[in-house]
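Overview (structure and organization)
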Amino acid sequence: MTEVDYSMSTDSVPRPADANLMPPLPPQPKSLRETGLEWPLVVELIAKLMFVGGKTHLSVLTTRLRLSINVLREVLDFMVTEQMAEVAWRGESDIDVQYQLTGAGKQRASAFLERCAYIGAAPVTLEAYRAMVARQSWLAQEQRVGSDDLAAVLGGAHAGPGMLDVVGAALHSGRSLLLYGPPGSGKSTLALQLGQLLHGLVAVPYAIVVGHDIIQLYDPAQHLQPAPQHVSHARQALERRSTDIRWVLCQRPVIHVGAELDAGMLELRHDASGGCYQAPPHVRANNGMLIVDDLGRQRLGAQELLTRLMQPLARGSDQLGLPGGVQISVPFDNALVLATNVPPGELFDAALLRRIGYKVQVGPLAENAYRALFRQQCRLAGMAIDELVLNHLLQLHGAQGRPLLASYPQELLARMGDFAGFAGCEARLTVAALEQAWSSLFASCDMPAASLCERIA
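Residues numbered from 1 in each chain as written. Predicted model: local features only at pLDDT ≥ 70, side-chain atom pairs only at ≥ 80, totals over all residues. Heavy atoms only, no water.

**Quick notes on the packing of aromatic side chains**
Threshold: Centres within 6.5 Å make a pair out of two Phe, Tyr or Trp rings, where for Trp the six-membered ring is used; the pair is then stacked when the planes are under 30 degrees apart, edge-to-face when over 60, and tilted otherwise. The way it works is that DSSP assigns letters per residue, a run of H or I at least four long becomes a helix, a run of E at least two long becomes a strand, and they are numbered from the N terminus. The rule is simple: take the accessible area with a 1.4 Å probe, protein chains only, and divide by the maximum for that residue type; under 20% is buried, over 50% is exposed, in between is partly exposed.
One pass over the structure, following the stated rule, counts four aromatic pairs. Both rings, one in tyrosine 206 and one in tyrosine 218, keep their centres 5.2 Å apart while their planes meet at 70°; by these two values the pair is edge-to-face. Taken as a pair, tyrosine 206 in the loop between strand 6 (201-205) and strand 7 (207-210) and tyrosine 218 in the loop between strand 8 (213-216) and helix 10 (228-239) lie far apart in primary sequence, twelve residues in all. The exposure class assigned to tyrosine 206 is partly exposed, which follows from its relative accessible area of 22%. With a centroid separation of 5.1 Å and an interplanar angle of 90°, the aromatic rings of tyrosine 408 and phenylalanine 442 are classed as edge-to-face. Linking tyrosine 408 in helix 17 (residues 408-423) with phenylalanine 442 in helix 18 (residues 431-442), this pair joins segments that are 34 residues apart in sequence. Both residues of the pair, tyrosine 408 and phenylalanine 442, belong to the buried class.

**As for unusual backbone geometry**
One non-glycine residue, glutamine 83, adopts positive backbone phi at about 60°. With phi around 55°, aspartate 294 is a residue other than glycine that occupies positive phi space. Here aspartate 294 is to be found in the loop between strand 13 (289-292) and helix 12 (302-315). Judged by its relative accessible area of 23%, aspartate 294 falls in the partly exposed class.

**So, helix 2 (residues 39-53)**
To keep things clear, this is the line we draw: An expected span of 1.5 Å times one less than the residue number is assigned to each helix.
Under the 1.5 Å per step criterion, the end-to-end length of helix 2 is 21 Å for 15 residues, consistent within 8% with the ideal 21 Å. Residues of helix 2 that are buried include every one of Leu41, Val42, Val43, Glu44, Leu45, Ile46, Ala47, Lys48, Leu49 and Met50, and no others. Positive phi shows up at glycine 54, right after helix 2, with a value of about 75°.

**What to know about helix 12**
What counts, and what does not: Two residues qualify as a contact provided that any one of their heavy atoms is within 4.5 Å of a heavy atom in the partner residue.
With 14 residues, helix 12 should cover 20 Å at 1.5 Å per step; its first-to-last C-alpha distance of 20 Å lies within 8% of that length. What helix 12 keeps buried is the set Ala302, Leu305, Leu306, Leu309, Met310, Pro312 and Leu313. Packed against the buried residues of helix 12 are strand 13, strand 14 (317-322), strand 16 (335-340), helix 13 (344-347) and helix 14 (350-355). The positive-phi residue at the C-terminal boundary of helix 12 is glycine 316, with phi of around 85°.

Here it is in structure tokens:
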């Protein structure tokens, strides 16, 4: 069953005065030593980039490797001295210069590419990443979600007795939250909306380095650009060129995984084509939220999955493996939200269930909340509300014993639009159109037959 967006737009959610707080970005390194990186790694990154691109301008190296001109000059001077690179062209200014590899440099670069195909932003050290996650975790405590935020997101649709308090306590404490209830009750949407309430920005490195291995952390599909209220602040930080541009300012991540999750996805995955390792989802979710949806349908048992997540989450760090039996400790600092259609007692034993911080049952809506949701979905669909049709919908629910689940209004209205579009008619809220949508959704055969245009006329 498709989950529904039953909440208000997050643009209308009140934001605290300190929502514009940004993480204290590291200063721009002025020398290779200040980057924390070793000479061979930076030489390799430059050589591979020039091998692929040929003559390369200094500004291109800065943009692609995310390193300052001062750092690049330091390494390029070394490469020229070692006869790996040479100046191909020089303009009027000191920074208007192109470099190219020598014959010996091309041979070295070819060997580098065979060993590791990674060509991209220079990484930061694991120690620098740990420090940043810890700093941003502290900052997040100053940006707690308030009761007004929650009320705006829930919009009263699921604000049953004590529900706001339980969800709010879970977000305030940072402890795990379990949403359970029947399919279509809105658990997935609720979890995603809670994720959008996370305030402020975080700094995420493009990649981190451990020994000779690079782990790619930043994912533009999951680490979203700053929201409109933060864009100017983020732009100012970058325009000053006083910060380390190996870090990206983005919204606090909300990583959503479902039934596709397996044990291998929680480990480092080697990307042969990219020449690096890909960070697992719970690491990419650091300083944000990890949502595990459809709990109980994964390729590993729910008990095993939760044990795998809860133990490192309690420690604040996870152990991940690299070749040769090397184990590294990476931060694990995020809000864990679980959603399931299965009764919790069937998924977990009592001991493990007790370790889940908060549990919230998401069930059918009250009639007034269902009516309000249907009206809201009509407005979003651009369809005029007809209270007589809405009353008929409630009668259908009662006659067929269908619970008032949050997914139904959006699903029914979408089907009305589908039928109208196919018939070449304007979608309108009528009893006939509603019954047609209802029948197609629930396979109810006791509805009166009519042509498409008759149903939506």
